[in-house]
Amino acid sequence: SSSSNLVLGLNGHGKSNLLLAIDFVFSSTFDKLDLDEKLWITHEGGNYKPSRVSVELTIDNSKHLIPIQGSSFVLWREMDTNNGKDSYFLDGRSISKSDLHNIFKMSEISQFNDVAKLVQIGKVNEIAHMDSEQMLDLLMHYSGAKTHEE
């Protein structure tokens, strides 16, 4: 569909890294980790420790769902690996996490953390074994219907 993406590929070709990068920018999952866990996820393997890690995403806004001028914008999250401090940038300008959340709240996207609705491989088995009620709850959550119900 025009509103979904499917990422397929052989083992070891970067699918999980792509999803982690998107998750790093949009979700608060990384906020809950301690510095060692953040470093392991952002630089698994290898002996080199960079002073900063970052992910830059160019977001298609041609449908103007997000209240930002232009048909696209660049969202960047950077983490200082010495202290774990995060910085966010929108089109090259520093922006606070709360201001970023507010921009996404004003859009048709229900929650900042739901911008990238990711189903990673570890969840597929869990979803496959859900009963009807659990599946309905999951579908309502990801469709945004649960937000409107509340």
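Quick caveat: nothing in here was measured; it's all calculated off a predicted structure.

**Quick look at unusual backbone geometry**
In this model, H64 sits at a positive phi of 55°, which is unusual for a non-glycine residue. Assignment of secondary structure puts H64 in the loop between β1 (52-60) and β2 (72-80). When its relative accessible area of 51% is taken as the criterion, H64 is described as exposed.

**Observations concerning the pairing of strand β3 (residues 86-90)**
Where β2 lies against β3, 5 bridges are found, and the strand directions are antiparallel. Pairing of L75 across the sheet is with L90, part of β3. Here β2 folds back onto β3 in antiparallel fashion, the turn holding 5 residues, of which G84 has a positive phi close to 80°. Here β3 runs beside strand β4 (residues 93-95); their pairing, made up of 3 bridges, is antiparallel. Paired with F89 across the strands is S94, a residue of β4.

**Considering the nonpolar core**
By size, the foremost hydrophobic cluster in this structure holds 21 residues, and its most contacted members are F26, F73 and L75. Listing elements by their share of this core, those giving two or more residues are α1 (15-26), β1, β2, β3 and α3 (97-106).

**A word on the side chain of R77**
Its place among the elements puts R77 in strand β2. Only 3.2 Å separates the side chain of R77 from the side chain of Y88, close enough to count as a polar contact. Setting aside residues no more than four positions away along its own chain, R77 makes contact with F24, V25, S27, F30, D31, V53, S54, V55, D86, S87 and Y88.

**Some remarks on the confidence of the model for the protein**
Of the residues in the protein, 76% reach a pLDDT of 70 or more, and the chain-wide mean stands at 78. Of the regions scoring below 50 in pLDDT, residues 110-116 engages in 17 contacts with residues more than four places distant in sequence or in other chains.

**Thoughts on the sheet that holds β2**
Strand order in the open sheet formed by 4 strands is β1-β2-β3-β4, with antiparallel pairing between adjacent strands. Looking at the sheet topology across the chains shown, the edges are occupied by β1 and β4. On average, each strand axis in the sheet is inclined to that of its neighbour by 30°, with strand direction left out of account. Of the strand pairs in this sheet, β1 and β2 are connected by 9 bridges, and their pairing is antiparallel. Opposite D60, over in β2, you have S72 as the bridge partner. Sheet strands in contact with α1 are β1, β2 and β3, and its direction is about 90° off that of β1. In the packing of α3 onto the sheet, contacts are made with β2, β3 and β4, and the angle to β4 comes to roughly 90°.

Each value, and the rule that gives it
Residues numbered from 1 in each chain as written. Predicted model: local features only at pLDDT ≥ 70, side-chain atom pairs only at ≥ 80, totals over all residues. Heavy atoms only, no water. Helix = DSSP H or I, 4+ residues; strand = E, 2+ residues; numbered from the N terminus. Buried < 20%, exposed > 50% of the residue type's maximum accessible area, 1.4 Å probe, protein only. Pairing = 2+ DSSP bridges. Core = buried A, V, L, I, M, F, W, Y, C linked by side-chain atoms within 4.5 Å. Polar contact = N/O pair within 3.5 Å; in protein donor to acceptor, adjacent residues only side chain to side chain. Contact = heavy atoms within 4.5 Å. pLDDT = per-residue confidence, 0-100. Axes fitted to C-alpha atoms, helices over the stretch in contact; angles between N-to-C directions.

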